[in-house]
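A closer look at the structure
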Amino acid sequence: SGSYKNILVEKKGDKSQVGFVRLNRPKALNSLCDDLLRELNVAFREFDADPSVKAIVLTGSSKAFAAGADIKEMQPKTYSTVFGTNFINDWTEMLRIRKPIIAAVNGYALGGGCELAMMCDIIYAGDSAKFAQPEIRLGTIPGAGGTQRLPRAVGKSKAMEMCLTGDMITAKEAESAGLVSKVVPADKLEAAALDLAERISRMSLMAIYAAKESVNAAYEAPLSQGLLLERRLFHASFGTRDRSEGMSAFTEKRAAEFKDE
Ligand code: CAA
């Protein structure tokens, strides 16, 4: 829909099967104001409901993926406003999206920008990307998962250092620490993220949903429950047409033709 003010939304890929969202609030380095989050949630929900879309790419500009929550919008807020409205709770809506979301990060991913990237399923970075949780420099702390997802991604020592100093880490450091899965030259980033989304889109949507749900359980559940969910989703895949097709195609030495059934 063309009614967005803070994001650009289109479909890309050889079959228009990739939902592509660009954060587009250049005058504030894509800082994440309330309006932007509202629009982002609508765009994600529409792609999730669109049967022609199988994966989503989220990116920003070459200068900034997102420079955090909007500090100017937050500055006048009081404790009772933020607590009373459960401020930034709407950021978690994207966790209900079932299709994979790939963050393609060029430039700054700071504070809420780093947290937004970490709420995506996969992060690719351009070689000049910079990640930080600088909230402590504003007299506050991360509020959208930074103190929780960063330790899981990069370990306690580095996460603690980042949250206590606000220091930035480079794309290379982020890759070696496990925060991002690939670093590419900045001008190749969108193509790389799109290629990844297209490759995922060739799989059965049934298996894509199951894989995302199961990997996410590794974050949330004790190992025994995660393993049980995985086993049951694995069993459930035997009820799909695409699992039968995938194994037949292997046996017959041909490419599988998935129908998302
Ligand atoms: N909120 C609101 N406006 C922001 C912003 C933010 N997070 N980040 C940048 N901007 C605005 C600047 O105010 C500036 O606006 P004006 O032209 O009107 O002055 C414009 O974007 C360009 O920014 P700069 O002039 O600062 O650009 P720079 O290249 O000199 O510096 C930067 C870039 C290092 C990213 C710097 O802008 C910066 O430090 N930004 C703030 C980063 C930050 O602290 N993020 C954490 C926010 S708190 C949070 O996210 C809470 C949470 O956990 C949910």
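Residues numbered from 1 in each chain as written. Predicted model: local features only at pLDDT ≥ 70, side-chain atom pairs only at ≥ 80, totals over all residues. Heavy atoms only, no water.

As annotated in an unreviewed UniProt entry, the chain is Probable enoyl-CoA hydratase, mitochondrial from Macrostomum lignano. Annotation of the chain in UniProt includes, under Sequence similarities (unreviewed entry), the sentence "Belongs to the enoyl-CoA hydratase/isomerase family." (UniProt positions renumbered as here; feature names shortened; annotations may be inferred.)

Attention shifts here to the nonpolar core. Grouped together as the largest cluster of nonpolar side chains are 48 residues, with contacts concentrated most on L58, F131 and L179. It is helix α1 (residues 34-49) that contributes the most residues to this core, six residues altogether. For L179, the residues in contact, after removing those within four places along its chain, are M118, I123, F131, L150, A153, V154, I169 and A174. Counting 18 residues, the second-largest nonpolar core is a separate cluster that includes I102, Y124, L189 and L194. (Core = buried A, V, L, I, M, F, W, Y, C linked by side-chain atoms within 4.5 Å. Buried < 20%, exposed > 50% of the residue type's maximum accessible area, 1.4 Å probe, protein only. Helix = DSSP H or I, 4+ residues; strand = E, 2+ residues; numbered from the N terminus. Contact = heavy atoms within 4.5 Å.)

One open sheet accounts for six strands, arranged β1-β2-β3-β5-β7-β10; its pairing is mixed. At either end of the open sheet lies a strand with only one pairing partner, and these are β1 (7-12) and β10 (182-184). In this sheet, adjacent strand axes meet at a mean angle of 20 degrees when their direction is disregarded. (Pairing = 2+ DSSP bridges. Axes fitted to C-alpha atoms, helices over the stretch in contact; angles between N-to-C directions.)

Applying the stated rule across the entire model yields one cavity of 30 Å³ or more. For the largest cavity, the calculated volume is near 40 Å³. In the lining of the largest cavity, the residues fall into six nonpolar, no polar and four charged. (1 Å grid on protein atoms, 1.4 Å probe; cavity = no way out; pocket = protein on both sides within 12 Å on 5 of 7 lines; lining within 4 Å. Points joined across faces, edges and corners; volume = space filled by probe spheres on them. Nonpolar A, V, L, I, M, F, W, Y, C, P; charged D, E, K, R; others polar.)

With that settled, the discussion passes to the packing of aromatic side chains. Here the distance between the centres and the angle between the planes together describe a pair of aromatic rings. Evaluated as defined, the whole model comprises two aromatic pairs. A ring pair is formed by Y79 and F83, whose centres lie 5.3 Å apart and whose planes are at 10 degrees; its orientation type is stacked. Of this pair, Y79 and F83 both sit in helix α3 (residues 79-84), separated by four residues, roughly a single helical turn. An identical accessibility class is assigned to Y79 and F83; each is exposed. Ring geometry for F234 versus F238: centroids 5.4 Å apart, planes at 80 degrees, classification edge-to-face. Looking at K12, its charged tip hangs above the ring of F20, at a distance of 4.1 Å from the centre. Positioned above the aromatic ring of Y209, the side-chain terminus of R98 is 4.0 Å from the ring centre. (Phe/Tyr/Trp six-rings, centres within 6.5 Å; stacked < 30°, edge-to-face > 60°. Lys NZ or Arg CZ within 6 Å of the ring centre and 35° of its normal.)

Here we come to the pattern of salt bridges. Applying the stated criterion to the full structure yields 13 salt bridges. The residue D260 makes a salt bridge to K54 at a minimum N-O spacing of 2.8 Å. Of this pair, D260 sits in the segment after α11 (241-251) while K54 sits in the loop between α1 and β3 (55-59); the two residues are 206 residues apart in sequence, bridging distant segments of the chain. For K54, a relative accessible area of 9% translates into the label buried. Two residues, D195 and R199, come together in a salt bridge whose shortest N-O distance is 3.1 Å. Of this pair, D195 and R199 are both found in helix α8 (residues 189-201), four residues apart, which corresponds to roughly one turn of the helix. Take D195: its relative accessible area is 35%, and that puts it in the partly exposed class. Within this structure, E245, E252 and R254 form a network of salt bridges that share partners. (Salt bridge = Lys/Arg side-chain N within 4 Å of Asp/Glu carboxyl O.)

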